[in-house]
Amino acid sequence: MKSIEGNPPEPRPKYIHTSVSGIWGKPSVLNNVETWANVPLIINKGSEWYTSTGTERSKGTKLVSLSGNIVNTGVAEVPFGTTIREIVYGIGGGIPKGKKLKAVHFGGPMGGSIPESLLDTPLDFDELAKLGAPIGAGSMLVLDEDTNMVDVSRYFLNFLTNESCGKCVPCREGIKQMLRILNNICDGEGREGDIELLEEISEVTGAASLCALGKTAADPLRNTLRYFRDEYEANIDKVKSPTEKRE
Amino acid sequence: MIMGKQKKKSEIIIQIDGKEVKAPEGMTVLEAAQKADIFIPTLCHHEKLEPYGACRICTVEAEVRGWTNLVAACVYTVEENLVVGTRSEKVDKIRKLILEFLLAHAPNSPQLQDLAQEYGADKDRFEKEPSFCILCGLCVRYCAEVKKKNAIGFVDRGARREISFIPEIASKECNSCKECFPLCPTSYLQTAFVLTESLAFPRDSSQTALKK
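These remarks concern the structure in this document. These numbers come from a predicted model, not from an experiment.

Procedures and definitions
Residues numbered from 1 in each chain as written. Chains lettered and ligands numbered in written order. Predicted model: local features only at pLDDT ≥ 70, side-chain atom pairs only at ≥ 80, totals over all residues. Heavy atoms only, no water. Contact = heavy atoms within 4.5 Å. Buried area = accessible area lost by both parts, 1.4 Å probe. Salt bridge = Lys/Arg side-chain N within 4 Å of Asp/Glu carboxyl O. Polar contact = N/O pair within 3.5 Å; in protein donor to acceptor, adjacent residues only side chain to side chain. Helix = DSSP H or I, 4+ residues; strand = E, 2+ residues; numbered from the N terminus. Nonpolar A, V, L, I, M, F, W, Y, C, P; charged D, E, K, R; others polar. Buried < 20%, exposed > 50% of the residue type's maximum accessible area, 1.4 Å probe, protein only. Arc of directions from axis to C-beta.

All right, on to the interface of chain B and chain A then. Taken together, the contacts link 31 residues of chain B with 29 residues of chain A. Together, the buried faces of chain B and chain A total about 2800 Å²; carbon and sulfur atoms form 55% of this surface. Considering only the side of chain B, the residues that lose the most area to chain A are Arg56, Lys93 and Phe101 of chain B, jointly responsible for 20% of the buried surface there. Between chain B and chain A we count 4 salt bridges in total. Put simply, lysine 93 of chain B and glutamate 203 of chain A hold a salt bridge, and the shortest N to O gap is 3.2 Å. In this assembly, chain B and chain A are joined by 14 residue pairs in polar contact (both at pLDDT 80 or more). Residue assignment for the side of chain B that touches chain A shows that the elements contributing at least two residues are strand S4 (67-72) and helix H2 (89-103) of chain B. Considering every element that reaches the side of chain B that touches chain A, the biggest residue donor is H2 of chain B, with 6 residues. Here the residues of the side of chain B that touches chain A sort into 18 nonpolar, 4 polar and 9 charged.

Residues and elements named next belong to chain A. What helix H3 (residues 84-91) keeps buried is the set Ile84, Ile87 and Val88. All buried residues of H3 fall inside an arc of 90° around its axis, so they share one side. At its buried positions, H3 is contacted by strand S1 (61-68), strand S2 (74-79), strand S3 (101-106), strand S4 (112-115), helix H4 (125-130) and strand S5 (139-144). One or two positions beyond H3, positive phi appears at glycine 93, with a value near 75°.

Now the structure itself:
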């Protein structure tokens, strides 16, 4: 919105809802195109028709974009409630070269992954949010057994360090320090205490940042620490990680 | 104050650290605390400038209707039934880490050192950074909002964000002003100015040598 007004794209400092005061001080509704695309369907066919598809709390369908280690990449429209396994192995056609699946990452660089063991979870906002993997805009990145999860966190943080506007300290400095530690770990120079330090920094950036980017920047990291902590430990211990980093 | 409007802004009573504080509607938590002589640390705040909310050192706990949030006191406005805690384990932890991030840039800043002592921040916790600037933006905002000159601005973003004088403006405006210099919590601003001056609009070196 600041960009539309011709200003630098930095978050607004005050606690104001855009629905009260948005672009040029006027009430504004900010939504994804997908959300808007659902509106005519609901108006034309009625809410009863619309809510007949989906789960109790997530209604209708969702566009998911499949990418990563998957046979069929692309965008698919699926009803809410479909299990992740059906999406990956049914629509997606499974993992290439007969490899095993390690994780499915949702929501892009500020999202989270679920491990193979939770693949029967239905596509549902609440169910996945509970697991630390928000559906977000529907991106599903499929990761096979060769993936190093520490490297995945590093990749996302590296992306976010360029996306951060740099205005507030927790986001700007926090991402930089977390990335530095992850780079060390990936380069085989991890030290004892690194995981604890990552946890401390991610907690502070999550709590104290100015906008949603900073608040969620460490989510993939926190999430991979939740399900794949052993990979971090293995990388630090200089014991060969179960999946050696691919160069 | 808008003179045309006769209606007085309604007073709100909030609690800060157990103390009842009266504050007019629209006032920030930081201003309300200052009015009641309750100290909340700040780095990017300046009374002459618009609230900015960037350093996050003023983070406090704000409880409304049973929900507690961590908010920046300099931009969060008072509301009915607000209960503010300026110190807690969570708040102190955030302030300590923010200080440690900034001390990696400016370990000798007296302002940072004082706060570091209060919050037990270790100035050597993170690898030292090449730039002293903590990007509080006081210089940039003072020049834009008070002087309306925009002789200095931010360039780039994220971890590469920095301040930079705009030579075309700085060469005309800065030597007779320099009001932003004392606002800088580190020595970076002066350094940046001298660098810009020597590269873009150097004073005649023979003259300055003779004057001395």
